[in-house]
Amino acid sequence: MDSPAVALTPSIQSHRIPRWGWGVLAVGLLLYGVLLGTHVGAYAGGSDSSGYINNARLLAEHRVQIERRALPGLPPEKARPYTYVPLGFIPVQERDMVPTYPVGVSLLIVGVSQVVGWEAAPNVMMWLHGVMGVVLLFALAREAGLSFPMSLLATLLLAISPLYLFMSVQAMSDTPSLTWCAAAVWFAWQSRRNARWAVAVGAATAIAVLVRPSNLLIMLPVSICLGVDWRRWLWLGIGAAPGAIF
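Residues numbered from 1 in each chain as written. Predicted model: local features only at pLDDT ≥ 70, side-chain atom pairs only at ≥ 80, totals over all residues. Heavy atoms only, no water.

Trainee: Give me the side chain of Arg-232: which residues, what numbers.
Mentor: Residue position: Arg-232 is located in helix 10 (residues 230-245). Residue classification places Arg-232 among the buried residues on the basis of a relative accessible area of 0%. For Arg-232, the side chain forms a polar contact with the main-chain oxygen of Leu-226, separated by 2.7 Å. (Helix = DSSP H or I, 4+ residues; strand = E, 2+ residues; numbered from the N terminus. Buried < 20%, exposed > 50% of the residue type's maximum accessible area, 1.4 Å probe, protein only. Polar contact = N/O pair within 3.5 Å; in protein donor to acceptor, adjacent residues only side chain to side chain.)

Listed below in structure tokens is the structure:
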């Protein structure tokens, strides 16, 4: 039998969101989405963004390595190993190179590209994670028992953080990392009410680790939320299996 929800979920019945509060949330989220949308520029600029987007192109073409482009008269085998290798790649064999960055962000770009097209995919992917990051923080704050005003304040502190904004408008792994880790914990909290939510916990955790391997540490708070119910752990394993196999 599932453990009762009250075991980890403080009562928030006395802190229900007022009717006007939903309007504040809707308008605030709309304005924030417009703010991110007008400033997002997830292009292949620096080494990280270039590495993620170039890797995404390879994955979209079902490849994991690519031939190095060389100058006429100076083939790769006669040059220093990294002469024709950009940051985010390492040379293999005499003429090829392979990406070295974690594959998660690139996979997310490829997935989004199936819906919005390749040109818009990096921007849309980062915009979605930037918006969902603040939504999930508000949801976690409410689950933790914070009042509506305090939950709104906590969310606002993240949303207007210069670091969060900076990382949400370019092709970087920081914001997707935060978003999927927050999702894993929120889903784990919901699994206290219904064990099948743990499937989503496993999927979110797997994606978080693919985005950034050190996110495996999110299993500590997730484990606390799941408790010792074997069914939750079974559902988590089912949800995480595709990512783990990949």
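Trainee: Residues and numbers for the layout of surface pockets, please.
Mentor: By volume, the largest pocket is sized at about 410 Å³. Residue lining of the largest pocket: 15 residues in total, with Leu-25, Gly-28, Leu-29, Leu-152 and Thr-155 positioned closest to the centre. Of all the secondary-structure elements, those providing two or more residues to the lining of the largest pocket are helix 1 (19-39), helix 4 (121-143) and helix 5 (148-159). With 6 residues, the top contributor of residues to the lining of the largest pocket is helix 1. Of the residues in the lining of the largest pocket, the class split is 13 nonpolar, 2 polar and no charged. Each pocket or cavity is described by its volume, and for the second largest pocket that value is around 300 Å³. Surrounding the second largest pocket, 13 residues form its lining, Asn-54, Ile-66, Arg-69, Pro-86 and Met-97 being those nearest its centre. For the lining of the second largest pocket, the secondary structure elements donating two or more residues are helix 2 (47-60) and strand 1 (66-67). Among the elements that take part in the lining of the second largest pocket, helix 2 stands out by supplying 3 residues, more than any other. Class assignment of the residues belonging to the lining of the second largest pocket gives a composition of 6 nonpolar, 1 polar and 6 charged. (1 Å grid on protein atoms, 1.4 Å probe; cavity = no way out; pocket = protein on both sides within 12 Å on 5 of 7 lines; lining within 4 Å. Points joined across faces, edges and corners; volume = space filled by probe spheres on them. Nonpolar A, V, L, I, M, F, W, Y, C, P; charged D, E, K, R; others polar.)

It is worth stressing that arrangement in space is one thing and function is another; only the former is reported here.
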